[in-house]
Each structure stands twice: as C-alpha cells, then as structure tokens.
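Breakdown of the fold
Below are the chains, spelled out letter by letter.
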Amino acid sequence: MVFKSDQLLIVVSILEGRHFPKRPKHMLVVEAKFDGEQLATDPVDHTDQPEFATELAWEIDRKVLHQHRLQRTPIKLQCFALDPLSSAKETIGYIVLDLRTAQETKQAPKWYQLLSNKYTKFKSEIQISITLETDTKAQVDSFKAKGAPPRDGKVPASLCGVDPKDIVAVLNEEGGYHQIGPAEYCTDSFILSVTIAFATQLEQLIPCTMKLPERQPEFFFYYSLLGNDVTNEPFNDLINPNFEPERASVRIRSSVEVLRVYLALHSKLQIHLCCGDQSLGSTEIPLNGLLKKGSIEINHHPVTVEGAFTLDPPNRAKQKLAPVPLELAPTVGVSVALQREGIDSQSLIELKTQNGHEPEHSKKRVLTPIKETTLTGPKSPSVSPIPPHNQTPPTKDDATESEVESLQYDKEPKQNAKGISFIPASLTQPVATSNASEVVTSGQKIAVPATSHHFCFSIDLRSIHGLEISFPVNCILRYSYPFFGSAAPIMTNPPVEVRKNMEVFLPQSYCAFDFATMPHQLQDTFLRIPLLVELWHKDKMSKDLLLGIARVQLSNVLSAEKTRFLGANGEHCWRQTYSESVPVMAAQGSNNRIVDLSFTMTLEDYGLVKMREIFVSDSSQGLSAVQQKPSSSPLTAPCPSEIQMEPRETLEYKAALELEMWKEMQEDIFESQLKQKELAHMQALAEEWKKRDRERESLVKKKVAEYSILEGKLQKALTELENREQQLASVEVELQRERKELQSERERNLQELQDSIRRAKDDCVHQVDLERLKLKQLEEDKHRLQQQLNDAEKKYKILEKEFLQFKDQQSNKPEIRLQSEINLLTLEKVELERKLESATKSKLHYKQQWGRALKELARLKQREQESQMARLKKQQEELEQMRLRYLAAEEKETVKTEQQELLDIRNELNRLRQQEQKQYQDCKEIASGKVSSPQGSALEEGLDDYLTRLIEERDTLMRTGVYNHEDRIISELDQQIREVLAKNIASNQ
C-alpha cells in the first residue's frame, strides 16, 4: 500500500501570456487569491508576450482540499497593469480556475482567456497549469499561504560578478550598521525605519471559540527587521487600542543597486499581532516598491511605503472564520521609509489615536547605533484657556446617562443665597495681573481685575412653532452656559404640548444672569461659543427623549443698537436687545429641522465693578458665581438678596457673622466633598459601563455579521438542497418511466423471441419433411434404375448368346470366315480408332467438366457451410442472449423448456448435417468410382501409360485446390500409383 502524505501544495504555474498590447511605461502583475490568501507574481514588462515564469503555492491539508472540492472553491487570478511612477494598479481582467482539475500527476499547461478583458480589441491569454504536490517540509505552525521559492533576481550589469544569494544582511558591531552585499559595493549609508502608528477593528481577529488568558491579556505587534525581532509596547484593549506610535530604525551600509536586488529577494515584511506566543493575525508590507527600477527618488528625498494594511487571521480555513466586510476588517497603519543618511524625513502617514487628536510625541527605537536626532518633535504642550464645558451637542451616551450628568452639573458650586452676587466669570482660570490688589484676611477671597464690568444677561425663550414631525410633542427646553458662572441646567416647566400648525408660548422661560468679566473676553466668548438649547420630549411611560438642538449665536446681541438708562444708584448704563427665531435641528439621524424657536435676549452693562475682592466658600473658588433674576417662576435659580453694604459696627455682630459664615463654609466644603466623591464613583461607573457597552456593541456587530454570512450560506445550502430534491424527484420519475419502457420492451422482445423460435421450429419441421420426401424419391429412382439395369443385363446376355451362335455358324465357312474376319477387323479397327479418338476427346471433356463440377461442388459446399455456421452462430447468440435475459428475469422453468427444445433442434440439425455429409461422401465415392472406371480400359494398355494417366489425374485434382493429400480420392490414387509401380518393377524383374 502506497502511503499518501496529508500535507499538499496547490501549485499554480503562471508561465507566459500572449495577445497583449504593448505599453512600455507599465508593468504586468498577476495576483492569485484562494481561501482568503493572496499571492502575486513579480512585475514584468507589458509586452505583447509577457513572460511571468512564476509558481504560486498554497499549503493545504488533504481533508481540507476535499472540502474545497465539494464546495467548488475557485482560484481567482486577477491581472493588473502597474504604473511604476504612481504605483497605480489598473485591472485588466481575471481568470477563474477550477480546483477540481488539479491532479497529483504532471499536467500540460493550458491557455486561459482573460474574462472582462479591458483590451476589447485583443484576446489576451495566459498559459497556466495547476497541480498538486506533496509537501515534504510541512510545518505545523506555518501559515497557510506560502509563496514559491523566489527566483534569482536579475543582477544589473554593474554587479555582474555578484551572486544574488550572497547578498545578505550582516551586522557590523564596530561600525554600528548592517552591511548588505560585498564590501567593495557598500559605499553609501542608508536608514531603514518601520513605524507602527495605529490599529483598528482588532477584535475581529478573535474567534468566538478562542480562549484568552483569564487575567488581563496583553497584545503587541511583532516583526523581524534584518534579523532583529521588534515588538511595540503592549496594550490591553483590542476594541480601542491605545498605544504610542513607535519607530524602529536600522543603519545600512550598501549601494542603491545592491539594495534593489536585496529588496527584490526579500520583498515582504510580515507584521504579526500577538498575544503571548500566539499570532492572532498578520499582514505583509511590500518592500520592492521602495527602490523602483530606474528611479532616483532616494537621492533627493526619502522613499516610503505606508498605509492601512488588512490583518488576516492565520489558518482561516482551519479556524472556519467567515469573511469580514471591508468596513469591519482589522487594519494596522504602518509606514516603512528608506533614506540616505543625512536627509531629514517626515512620515506622511496620519497618526490616528483613539480620542481623535495627534499624540504629543512618539517613541523611537534604534536597533543599531545611529548618530542622529529623533525625527519627531519635542513635547510642546499648548497653553490655552480651559474650554467651557458642555458646549457641544450631547451625544447618545450623554443622553442616556442623565444621573451622571446631573451629578456633574452639581459639581459646580451653587450660588449661596448669602454669598456675594458679583464674582468675575473670568476667574474660572487663574489670572496674574499687576493691577489686581490682593489683601490677606481670615476669609477666602478672590481678586477682581480693575477693568472688569458688571454685566447682566437675560434670555426669554418665548415660543415654539412650525412643528415638522407627525406626532404631538410634550416638550421642555433646557440649556446651560458655564461662562455665566454655573453649569447647572436651566429648564422650562411645566412641559407643554405642541402640535402641527400651532404656536405655543413657553411658561417660566425667562432667566437673567449677573456676572463680572472684561468686555473683550465677553465678546470673544460670545463669538466662539454659541448657546445650545435642547428640546426634550417628556413622557410618563418612558425615558425622556432628546429631539433636537437649537444653536443661539449670542454674539448677535453685541451688534444690536445700544440704549442708555439710569441704574439704581443713578449711574449711566447701556442696554442691548436682540430677538430672533432659530430652527431646532434633529439630534439623531438626518440633520432635518423639527421646529422653530423664538427668543429675546438682552445684555446690560452696569460699568466697572466697584468691589476689588469678595468672600467665597471653597466650593465656589475658581468658578463663576451666578445671580439669576427670575420672573415669578419658582423653577429658575433663586436670586440672592442684596448685600448690606453698611455692616453693623458692633464687634459681637461681626464675630457672630464670621462664625455663621464659617459654619456655612464648612457645610459647603463637606457637601462638595461628598458630591465630588459621588461624582467620581458615578463617572467611573459610567466610563466602565460605556466601555463595556462599546465592547458589547462591537461583539454584537461582529456576531451579526457572522450570522448574516452564515445565514447566506444556509440559504444557499437550502436552495441547493431544494434544487437537488427537485432533481432527484425528476430523476426518479424518469427512472420509473424508463423502468416501464424496459419492462414493455422486455415483454415485446420475449414475445418476438417466442414467435421467432416457433417460426424456426416450423421451418425446421418443414425442411425435414422435404428432405424425407426427397430421400424417398431418390430411393424410388434407385430401385427403378436398378430394375432397368437388370433388364439390360438380361438382354445383353441373350444377344451375346445369339451372337456367339451366329459366329459359330459363320466360322464354319473359311472364305466367308476370313472375309468376315477381315471386315470385322477393319470395322473393329475403324471403330476402335473412332472410339479411341472419341474416348480421348470425351476424356478431355470429362476432365474439364469434372474439374468444373468439383470446383462448383467445393464452392457450394463452402458456401453452405458458411451459411450454416453463420446461421448456427446467430441462433446460438440469440439463444445465449435469451438465456441471459431469462436468467435475469428469473424465468428458469421457461428457459429450461426452451433449452430442451433448442437441444432437440440442435440434435436434428446435427443429424441433418451428418446425413448431408454422408450424401457428400457418397457423391465423392461415386466420383471416385467414375475416376477409377477407366482403370478397366487401362489394364489393356501398358502399365506405363496407365501409371502416367494416374499421376496426371492426381496432379489435376490437386491443382484444383479442392483436394489435399488427406482426401480419400487422392489417397486411393496414390495407392493405385504405388501398386502400378510395384507391378511395373515386378514385370521388369
């Protein structure tokens, strides 16, 4: 028994092409894809007959190959036209190979025509052969797709004495570089760097059946650079991989031509995503595009190969992983750069991070000593004012986390009713001003800049109208603007119902804010940050729903006309009022208008702030205080009472007031600390919840994609099963019909056979009767002739007696007797001469007629024998077919009866044949008798004439070709010749 290896190689040999147009500025590349693994040929010149001469091989198990053959998995070959200058690939056409045609025996290559050929005027063809080879060097942990052994690169004319196999990278520890090629050619210094920048959708590489370590697993990228193993910093989150970009660089001592040959031989850089010692996925970076043939780009600037490359899981067929859609495919951003030493490079790849901004710095690894500075710039943290909170539209997570949001708002210190009403909003960030006067007292104070103004901003959300959605809305409006001193949300109350084609005025929608800031800061903030007004739908049965957001541009009030009015203390103040209607845009889905919002806002400037420092509690330090001037609504923020600017002069009142303020301050500190701890815990819970929610969402998307692909496969299999059932049903109906036809045909043939047997039997009986009648007639003729012969003999004897008597009477007279004797002798002489002549003539004629008769008799005999043998053979074949058919039909008794009848017929035929042979022998005996009849006359002649005649007759019979030495008549002639010779010898003695 011959042992067959389980490991095979599917080898596709791409030899040459024909009928291609000539394109001198382009190259031809053929890419082959099988089971998710893609291999490509080396680029060749785009001529009319390109020569690829490349073998592509995939390692596969025999069982897996059987499964692929059952599923009719194709091998798709795509032909591309490659532009070396722009690296653009242009699809020309494709070829689909059937895996079932691959055999383990060597097969002759075939010409395949390109399908969907771009060159419509040319019938482009490629010569391809596909075979199966035994993999004698199969490895368990090797990856599925393997390229065929690289061909020896073409050595340029300047390197005619260099063997491509000798071009390897050797580390020179003293010089701190890798030498590639012979020392006499290593005249230039280069730097090869690899940067791993980002990664996305890495969770798609983890199959559902794979078990990761129970503890927090660590993932990292691994690759080998000139024999050096390189890994980046481990990270733990596959869904949101957060790692700093790292660059690994090596110094190379070589030349451009040698490097081009080396990169052609080592054309791919494999990068693996690993977990421990297990590879989760890999990708290949093509390096042969760094130094293109005839290109001199590296002399002027660095050459790079960069982009987002798809990670493929190892052994996709063994893990039974479904193909992943392109938008969910795991990718890794890699940049490979090659430059001459001394030329600055800047990677063109966009470094992506999880939070959407560029990192402040990137790490760099040097595998061999390089005397250069880090290419990435130093840390330069930007110094900018702290941006206000909650000035972007709330996201889905913000809408769902209402509890966390409310706690976050409560983190901002609320305005104490007994606090100071004028706290500058500009103090939300520390300001060091030389003009600010600071006085150290026992209470906590905030310095107010001298140029700060006292502003009062009020907004009235008057009405909403022009509803565009079909269902009624039970709405409230909500907004927040921390610049005014508080991040707590302001809401209208109670909810009002809005329907189509109606305008609704909002209750308790007026709110005023008192704050202190500098005019230019106010103008800058109003220009940069709009006020976002949220439209919420309140429902008792479900959670509140965010419908839309309106953007109110506060800077419009600054361009309104100023009007002067007198303040409470008689100072001159300025007022600006602005009214407008803005659309409320949908927060989710398409950015469509939902409703229009009408509002009025007023800005009042009371001039410079007279107080230079204010007392605040710890909870309000560093933030703006808010003074709201509500209307009669109890829902708006309470307006603090006016400050008593004339304190009582008694020390007891001052001590009591300071004690009460200290108590309130401690209460605020304690409450603020509790809320900060609660907010920290809630934020941690919310972040963890969001993280797990994102993980669940990504896993659900992955599962949905896998299930949709599986559903498609099941649907396809179900369709194939239904088609197969229909085919089986049709085949079964066809089989039943054919069975009925065969049964009817069998019965018809059986009936025809019975009829033919009956007719043959009747014919045989009739023929036997005819033969019997002929035999009887011949016997009667024989008796009649015998009777005539007896009568003739009797007459002859009587005449002979009478003649003898007459002769005796005549003999008595001598003259008469002599004359009569003379006459008699003369007559006898004449008669004898005549008889002799006639006998001679008759003898010749007899010989001729006898020869013809013998030939005709032999021909008739042979024809009769042939016809008898053909008839017998045909009957025997028919009988044999009938016997087999009867045996198959289990009709044994009928067959036995018919066999007995056939045996009787055969015996009868044999008997008739014997009779015919007997008659033939009688005819031959009669013929021999006729031949031997002249023997009586020959006795009267000499023995020599008789011997000569016998030899002549024997030779004549032999020349006819009918007789041979074994025949009876020839044997008798030979016997007679021997007897005559014996008598002749005896007489001579």
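What counts, and at which threshold
Residues numbered from 1 in each chain as written. Predicted model: local features only at pLDDT ≥ 70, side-chain atom pairs only at ≥ 80, totals over all residues. Heavy atoms only, no water. UniProt positions renumbered as here; feature names shortened; annotations may be inferred. Helix = DSSP H or I, 4+ residues; strand = E, 2+ residues; numbered from the N terminus. Expected span 1.5 Å × (residues − 1). Buried < 20%, exposed > 50% of the residue type's maximum accessible area, 1.4 Å probe, protein only. Arc of directions from axis to C-beta. Pairing = 2+ DSSP bridges. Axes fitted to C-alpha atoms, helices over the stretch in contact; angles between N-to-C directions. Contact = heavy atoms within 4.5 Å. Parallel < 35°, antiparallel > 145°, perpendicular 65-115°, else oblique. Left-handed = near helix turned anticlockwise from the far one by under 90°. Nonpolar A, V, L, I, M, F, W, Y, C, P; charged D, E, K, R; others polar. Salt bridge = Lys/Arg side-chain N within 4 Å of Asp/Glu carboxyl O. Core = buried A, V, L, I, M, F, W, Y, C linked by side-chain atoms within 4.5 Å. Phe/Tyr/Trp six-rings, centres within 6.5 Å; stacked < 30°, edge-to-face > 60°. Lys NZ or Arg CZ within 6 Å of the ring centre and 35° of its normal. Patch = residues over 30% accessible without salt bridge, like charges linked within 9 Å, V, L, I, M, F, W, Y side chains within 5 Å. Areas by Shrake-Rupley, 256 points an atom, 1.4 Å probe, with all protein chains shown as cover.

The name recorded for the chain in an unreviewed UniProt entry is Centrosomal protein of 120 kDa, from Cricetulus griseus. The Subcellular location (unreviewed entry) field of the UniProt record for the chain holds the comment "Cytoplasm, Cytoskeleton, Microtubule organizing center, Centrosome". Per UniProt, the comment on the chain under Sequence similarities (unreviewed entry) is "Belongs to the CEP120 family."

Quick notes on helix H12 (residues 968–988)
Quick reminder: α-helices carry 3.6 residues per turn. Residues three or four places apart thus point the same way. The terminal C-alpha atoms of H12, which comprises 21 residues, lie 30 Å apart, in line with the 30 Å expected from a rise of 1.5 Å per residue. Turning to H12, its buried residues are Ile969, Ile970, Leu973, Asp974, Gln976, Ile977, Val980 and Asn984. Seen from one end, H12 has its buried residues packed into an arc of 160°, which puts them on one side. In H12, the exposed residues that point more than 90 degrees away from the buried face are Arg968, Lys983 and Ala986.

Looking at unusual backbone geometry
Cis geometry is found at the peptide bond from Asn493 to Pro494, where omega equals -5°. Structurally, Pro494 is set in the loop between strand E25 (486–491) and strand E26 (496–498). Its identity as a non-glycine residue notwithstanding, Asp35 has a phi of 55°, on the positive side. Topologically, Asp35 is positioned in the loop between strand E2 (27–34) and strand E3 (37–40). The phi torsion at Ser87 lies on the positive side, around 60°, for a residue other than glycine.

Here we look at the sheet that holds strand E18 (residues 278–286)
Here 4 strands make up an open sheet; going across it, the order is E15-E14-E17-E18 and the pairing antiparallel. Strand pairing shows two members of the sheet lacking a second neighbour, strand E15 (228–231) and E18, which therefore form its edges. Averaged over all pairs of adjacent strands, the angle between strand axes in this sheet comes to 25°, irrespective of strand direction.

A look at the side chain of Ser555
Mapping Ser555 onto the fold places it in the loop between strand E30 (545–552) and strand E31 (562–566). Classification of Ser555 as buried rests on a relative accessible area of 13%. Residue contacts for Ser555: discarding those within four places in its chain leaves Phe526 and Leu527.

Considering the pairing of strand E13 (residues 188–200)
Here E13 lies mainly inside the structure; 11 of its 13 residues are buried. Sheet topology places E13 next to strand E16 (residues 246–254); 9 bridges connect them, and they run antiparallel. Each residue of the ladder has a partner; that of Ile191, found in E16, is Arg251.

Digging into the packing of helix H11 (residues 943–959) against H12
To characterise two packed helices, one gives the angle between the axes of the helices and the distance between these axes. At a minimum axis separation of 10 Å, H11 and H12 run at an interaxial angle of 160°. Viewed along their axes, H11 and H12 adopt a mutual orientation that is roughly antiparallel. Note on packing geometry: the crossing formed by H11 with H12 is left-handed. Note on element contacts: H12 touches H11 through Ile969, Ile970, Leu973, Asp974, Gln976, Ile977, Val980, Leu981, Lys983, Asn984 and Ser987, opposite Leu943, Asp944, Tyr946, Leu947, Leu950, Ile951, Glu953, Arg954, Leu957 and Met958. In the contact of H11 with H12, the residues fall into 13 nonpolar, 3 polar and 5 charged.

Side note on the pattern of salt bridges
Considering all chains together, one arrives at 32 salt bridges under this definition. Measuring nitrogen to oxygen at the nearest pair gives 3.0 Å for the salt bridge that ties Arg62 to Glu104. With Arg62 in helix H1 (residues 62–70) and Glu104 in the loop between strand E7 (89–98) and strand E8 (110–113), the pair connects residues that are 42 residues apart, well separated along the chain. Residue Arg62 is classed as partly exposed on the basis of its relative accessible area of 23%. Between Asp544 and Lys538 there is a salt bridge whose closest N-O contact spans 3.0 Å. Linked by salt bridges that have partners in common, Arg23, Glu90 and Lys118 make up one network.

Let's talk about the nonpolar core
It is characteristic of soluble globular proteins that their nonpolar side chains tend to be buried jointly. In terms of nonpolar packing, the biggest core is built from 47 residues, with Phe221, Tyr223, Leu273, Leu290, Val336 and Leu338 touching the most fellow members. Secondary-structure elements contributing two or more residues to this core are E13, strand E14 (219–225), E16, helix H2 (256–265), strand E17 (268–275), E18, strand E19 (303–310) and strand E20 (331–340). If we skip the residues at most four places from it in the chain, Leu273 touches Leu202, Leu205, Phe219, Phe220, Phe221, Phe235, Leu238, Gln278, Ser279, Leu280 and Gly281. In terms of nonpolar packing, the next biggest core, distinct from the first, is built from 40 residues, Ile459, Cys475, Phe513 and Val552 among them.

With respect to the packing of aromatic side chains
Overall, the coordinates contain 17 aromatic pairs when judged by the stated rule. Taken together, a centroid distance of 6.1 Å and an interplanar angle of 35° make the contact between Phe221 and Phe235 tilted. In this pair, Phe221 is assigned in strand E14 and Phe235 in the loop between E15 and E16, connecting sequence segments 14 residues apart. Taking the relative accessible area as the measure of exposure, Phe221 reaches 0% and is therefore buried. Through pairs of rings, three or more aromatic residues link up here, namely Phe455, Phe457, Tyr481, Phe483, Phe484, Phe513, Phe515 and Phe526. Its guanidinium or amino end placed over the ring of Trp111, Arg18 lies 3.9 Å from that ring's centre, counting from NZ or CZ. In this structure, Lys76 packs its charged tip against the face of Tyr94, placed 4.9 Å from the ring centre.

Regarding the pairing of strand E6 (residues 74–82)
Across 7 bridges, the pairing between E2 and E6 is antiparallel. Residue pairing across strands places Met27 opposite Leu82, the latter belonging to E6. Bridge count for E6 against E7 is 9 bridges, and the pairing is antiparallel. Considered in E7, the bridge of Leu77 is made with Ile95. Taking the residues that link successive antiparallel strands as the turn, the E6-E7 hairpin has 6 residues, and the phi of Ser87 there is positive, at about 60°.

Side note on a nonpolar patch on the surface
Together, Tyr653, Leu657 and Met661 line one region of the surface with nonpolar side chains, adding up to about 260 Å² of accessible area. Checked against the element boundaries, Met661 lands in helix H7 (residues 651–811).

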